[in-house]
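The primary structure of each chain is shown beneath.
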Amino acid sequence: MSNNPSAPPPVIPRTGIGIDVHAYAPEGAPQPLWLGGLFWDGERGLSGHSDGDPVAHAAADALFSAAGVGDLGTHFGTDRPEYAGASGVTLLAEAARIVRAAGFEIGNIAVQFVANRPKFGPRREESQRVLTEAAGAPVSVSATTSDGLGFTGRGEGISATATALVYRTGSASPESVA
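**Examining the overall build of the protein chain**
(1) Moving on: Secondary structure assignment for the protein chain yields six helices and six strands.
(2) Moving on: Going from the N terminus to the C terminus, the protein chain shows its helices and strands as β-β-β-α-α-α-β-α-β-α-β-α.
(3) Moving on: The globule rule puts the C-alpha radius of gyration for 178 residues at 16 Å, and the 17 Å found for the protein chain is close to it.
(4) Moving on: Along the first, second and third principal axes, the C-alpha set of the protein chain runs to 65 × 35 × 25 Å.
(5) Moving on: Put simply, the protein chain has 178 residues, and 43% of those count as buried.
(6) Moving on: Long-range pairs, those at least 24 residues apart, make up 74% of the contacts in the protein chain between residues at least 6 apart in sequence.
(7) Moving on: Surface accessibility of the protein chain: about 8900 Å² in total, with carbon and sulfur atoms responsible for 55%.
(8) Moving on: Across the protein chain, the mean location of the 12 positive side-chain charges is 4 Å away from that of the 18 negative side-chain charges.

Shown next as structure tokens:
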């Protein structure tokens, strides 16, 4: 704390957590796989109201959590038909817009997903580029497996957990948050 009463208040960052989980689409109703903002040709896709990209969805949810402006369901829920089939990249870009309209800037977003496939390492840089562009802030993505344990280990779906750091920049514009 400064003893100078005219000094601007310190910038205090806020953190948020987002989690998203999607099951693989049934074999009889195939879907394309969108993961980390990328299309994965030849891979079994995930079920979901939008494109089912748990990495992009967890990132968006972490932003909402950090800014205290609701969650993924609040803004893009299944009761919003305009988001049916929407790209996770589009949702992340819109989440970033909402957070900024609420008076915050984004420091960074980090996401880790758990899955047996696809092999993520060769496309990590590409994914990070796409998500960073959508968020307008650095996004890092890492992947791991669950060593055969749980629904991800059995190959039933993919989970992702994200953290986001935001900081207040000014007053919110209420009409642009909704």
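Let's pick the thread back up.
**Digging into the environment of Arg168**
(1) Moving on: For Arg168, the position within the fold is in strand β6 (residues 157-168).
(2) Moving on: The spacing of Arg168 and Val99 is 69 residues in sequence and 9.8 Å in space, taken between C-alpha atoms.
(3) Moving on: Among all residues touching Arg168, those that are not within four sequence positions of it are Arg14, Ala102, Gly103 and Phe104.

**Side note on the sheet that holds strand β5 (residues 139-144)**
(1) Moving on: Pairing is mixed across the open sheet formed by four strands, whose spatial order is β1-β6-β4-β5. Every other strand in the sheet has two partners, leaving β1 (14-23) and β5 as the edge strands with one partner each. Pairs of neighbouring strands in the sheet enclose a mean axial angle of 15 degrees, with direction left out of account.
(2) Moving on: Of the pairings in the sheet, the one linking strand β4 (residues 104-114) to β5 comprises six bridges and is parallel in character. Considered in β5, the bridge of Phe113 is made with Ala143.

The rules behind each value
Residues numbered from 1 in each chain as written. Predicted model: local features only at pLDDT ≥ 70, side-chain atom pairs only at ≥ 80, totals over all residues. Heavy atoms only, no water. Helix = DSSP H or I, 4+ residues; strand = E, 2+ residues; numbered from the N terminus. Rg over C-alpha atoms; globule rule 2.2 N^0.38 Å. Buried < 20%, exposed > 50% of the residue type's maximum accessible area, 1.4 Å probe, protein only. Contact = heavy atoms within 4.5 Å. Areas by Shrake-Rupley, 256 points an atom, 1.4 Å probe, with all protein chains shown as cover. Lys, Arg positive; Asp, Glu negative; His and termini not counted. Charge placed at Lys NZ, Arg CZ, Asp CG, Glu CD. Pairing = 2+ DSSP bridges. Axes fitted to C-alpha atoms, helices over the stretch in contact; angles between N-to-C directions.

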